[in-house]
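Spelled out from the first residue to the last, the chains are:
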Amino acid sequence: MSSDAPLVLGIETSCDETGVGIVRGTELLADALATSVEEHARFGGVVPEVASRAHLEAMVPTICRALGSAGAAPRDVDAVAVTAGPGLAGALLVGVAAAKAYALALGKPLYGVNHLSAHVAVDLLEHGPLDEPCVALLVSGGHSSLLFVPRIGGEELTELGATVDDAAGEAYDKVARLLGMPFPGGPPIDRAARDGDPRAIEFPRAMREDGYAFSFAGLKTAVARWVEGRQRAGEPVPVADVAASFQEAVVDVLTHKAVKAAREHGVEHLVIGGGVAANSRLRALAEQRCARAGLRLRVPRPRLCTDNGAMVAALGAQLVANGATPSPLEIPADSALPITEVLL
Ligand code: KG4
Ligand code: ZN
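Residues numbered from 1 in each chain as written. Chains lettered and ligands numbered in written order. Predicted model: local features only at pLDDT ≥ 70, side-chain atom pairs only at ≥ 80, totals over all residues. Heavy atoms only, no water.

Student: Which parts of the structure should I look at to understand the overall build of the protein?
Tutor: The helix and strand inventory of the protein stands at twelve helices and ten strands. The C-alpha atoms of the protein give 20 Å as radius of gyration, which agrees with the globular expectation for 344 residues (20 Å, within 12%). When its C-alpha atoms are laid out on the principal axes, the protein stretches across 65 × 45 × 30 Å. Classification of the 344 residues of the protein by burial places 55% in the buried group. Long-range pairs, those at least 24 residues apart, make up 74% of the contacts in the protein between residues at least 6 apart in sequence. For the protein, the accessible surface area stands at approximately 13600 Å², while carbon and sulfur atoms represent 52% of it. For the protein, the centre of its 30 positive side-chain charges and the centre of its 41 negative side-chain charges are spaced 4 Å apart. (Helix = DSSP H or I, 4+ residues; strand = E, 2+ residues; numbered from the N terminus. Rg over C-alpha atoms; globule rule 2.2 N^0.38 Å. Buried < 20%, exposed > 50% of the residue type's maximum accessible area, 1.4 Å probe, protein only. Contact = heavy atoms within 4.5 Å. Areas by Shrake-Rupley, 256 points an atom, 1.4 Å probe, with all protein chains shown as cover. Lys, Arg positive; Asp, Glu negative; His and termini not counted. Charge placed at Lys NZ, Arg CZ, Asp CG, Glu CD.)

Here it is, written out as structure tokens:
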């Protein structure tokens with residue numbers, strides 16, 4: 001895309017990160033982030049009211065920081081994109097209200113977009129345009145889905161399968177908690193697993209050969225029972241081995257199904273997005289299995305996998321480029337926005 005492509009400001013507030021990104025076409029110009037993660041840590045999960053308040057305080061400073069690092073003035077912004085859902089209702093409201101205010105004040109179009117699609121679109125900033133269909137594996141704290149995507153950043157996609165219970169990230173967070181690790185649990189399990197043996201404990205791989213749906217609740221329970229068994233016997237819990245074996249069960253199923261979906265749909269590319277895509281073992285195993293299957297893997301750098309504003313700007317920029325109709329200023333924040341609704 002040429003350097004005169006529109007400048008898009010993206011705002012993300014669906015959970016505990018206040019993200020503001022600035023993108024021109026597929027070029028990332030700024031990615032400013034403020035997080036309230038430490039305020040939630042002692043509760044073992046995100047407290048919605050605390051997150052909303054933190055977004056409110058961080059919003060304007062984070063927008064100013066993003067504009068500053070892009071070397072842009074507010075009047076340079078050509079369009080405003082914002083996560084309209086899914087996510088925490090109060091948290092989403094802060095971003096949506098801010099985006100409407102900026103769009104109205106600047107006289108620029110508003111694009112209320114789907115957070116989950118933005119997790120896939122962000123890869124364009126890393127690897128450039130992809131003008132052919134792909135399969136995307138979306139793995140975050142609240143969602144785990146396999147998608148058929150005719151065009152990244154387009155308005156159409158089909159959900160091939162999703163988790164029937166816990167999301168992959170949720171399983172990481174719950175297992176981390178029972179191993180005494182901090183929230184969010186993905187990063188500490190990822191680190192601990194590096195010193196463990198992934199074959200030490202044979203944890204279940206539910207629904208591995210059944211279609212494109214996932215199930216992680218049984219795995220989490222199996223880990224809990226195993227750890228309790230050790231504790232009851234008065235034996236130490238081999239934390240690194242538990243972390244590595246749990247992680248192997250998760251990423252084995254995720255990559256197995258993602259590669260199968262890509263092959264069965266005859267696409268050349270597999271894209272992985274969402275917070276769990278930052279996982280080092282998921283990235284390594286996906287790389288290996290894609291190479292073996294003759295697939296090309298696209299996973300953005302870890303910083304772009306977890307929630308950020310650049311992903312929202314990236315999706316907004318594609319919608320603008322494709323001539324999508326902007327959102328009316330009356331759009332709601334939709335905490336349960338279906339994955340297939342890319343633009344409100
Ligand atoms: O996409 P995201 O930042 O927020 C949501 O939209 O949910 O994903 C957050 C999830 C959390 O469950 C967190 O534990 C997980 O992503 N996560 C990871 C890693 N980094 C973040 N999971 C596994 N390994 C990681 N390195
Ligand atoms: Zn997310």
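Student: How do you make sense of the site of ligand 1 when you look at a structure like this?
Tutor: Neighbouring ligand 1 are 20 residues; H119, G141, D173, G186 and G275 lie closest to it. Here a nitrogen atom of ligand 1 and a side-chain polar atom of D190 are 3.0 Å apart. In isolation ligand 1 exposes 550 Å². Once the protein is present, 89% of that is buried. For the shell around ligand 1, the elements supplying multiple residues, two or more each, are α4 (115–121), α6 (168–178) and α7 (186–193). (Near = heavy atom within 4 Å. Polar contact = N/O pair within 3.5 Å; in protein donor to acceptor, adjacent residues only side chain to side chain.)

Student: For this particular structure, what's the right way to read the coordination of the zinc ion (ligand 2)?
Tutor: Perfect tetrahedral coordination of a metal by four donors corresponds to 109.5 degrees between them, and perfect octahedral coordination by six donors corresponds to 90 or 180 degrees. Coordination of the zinc ion (ligand 2) by the protein comes from H115 (NE2), H119 (NE2) and D307 (OD), over a distance range of 2.0 to 2.1 Å. Ordering the donors of the zinc ion (ligand 2) by residue number gives the pattern H-x3-H-x187-D. Taken as a pair, H115 and H119 lie in helix α4 at a separation of four residues, close to a single helical turn. In terms of burial, H115 and H119 fall into one category: buried. (Donors = N, O, S within 2.8 Å, 3.2 Å for Na, K, Ca; no water.)

Student: Looking at this structure, I do not really get the domain arrangement of the protein. What am I missing?
Tutor: One widely used convention gives an interface's size as the accessible area the parts lose upon coming together. For the protein, the assigned domains read domain 1 (7–122 + 308–321) and domain 2 (131–301). For domain 1 and domain 2, the distance between their C-alpha centres works out to 26 Å. Residue-level contacts link 17 residues of domain 1 with 18 residues of domain 2. Summing both sides of the interface, domain 1 and domain 2 together bury roughly 1300 Å²; the carbon and sulfur share of this comes to 73%. Area buried by domain 1 at its contact with domain 2 is led by L116, H119 and V120, which between them contribute 39% of it. (Domains from an automatic or database assignment. Buried area = accessible area lost by both parts, 1.4 Å probe.)

Student: What is the right way to look at the packing of α6 against helix α8 (residues 217–232) in this model?
Tutor: A pair of packed helices can be characterised by two numbers: the angle between their axes and the separation between those axes. Remark: α6 packs on α8, axes separated minimally by 10 Å, with the N-to-C direction vectors making an angle of 10°. In terms of orientation, α6 lies roughly parallel with respect to α8. Mapping the contact onto sequence places K174, V175 and L178 in α6 and K220, V223, A224 and V227 in α8. Looking at the contact of α6 with α8 residue by residue, the classes come out as five nonpolar, no polar and two charged. (Axes fitted to C-alpha atoms, helices over the stretch in contact; angles between N-to-C directions. Parallel < 35°, antiparallel > 145°, perpendicular 65-115°, else oblique. Nonpolar A, V, L, I, M, F, W, Y, C, P; charged D, E, K, R; others polar.)

Student: I tried to follow the nonpolar core on my own but got confused; where do I start?
Tutor: What tends to happen in soluble globular proteins is that the nonpolar side chains get buried as a cluster. Counting 49 residues, the largest nonpolar core has F246, L254 and I272 as the members making the most contacts within it. Listed by contribution, the elements that provide at least two residues to this core are β6 (134–139), α6, α7, α8, α9 (239–264), β9 (269–273) and α10 (280–293). With 13 residues, the top contributor of residues to this core is α9. Residue contacts for I272: discarding those within four places in its chain leaves L137, V139, A277, L282, A286, L297, R298, V299 and P300. (Core = buried A, V, L, I, M, F, W, Y, C linked by side-chain atoms within 4.5 Å.)

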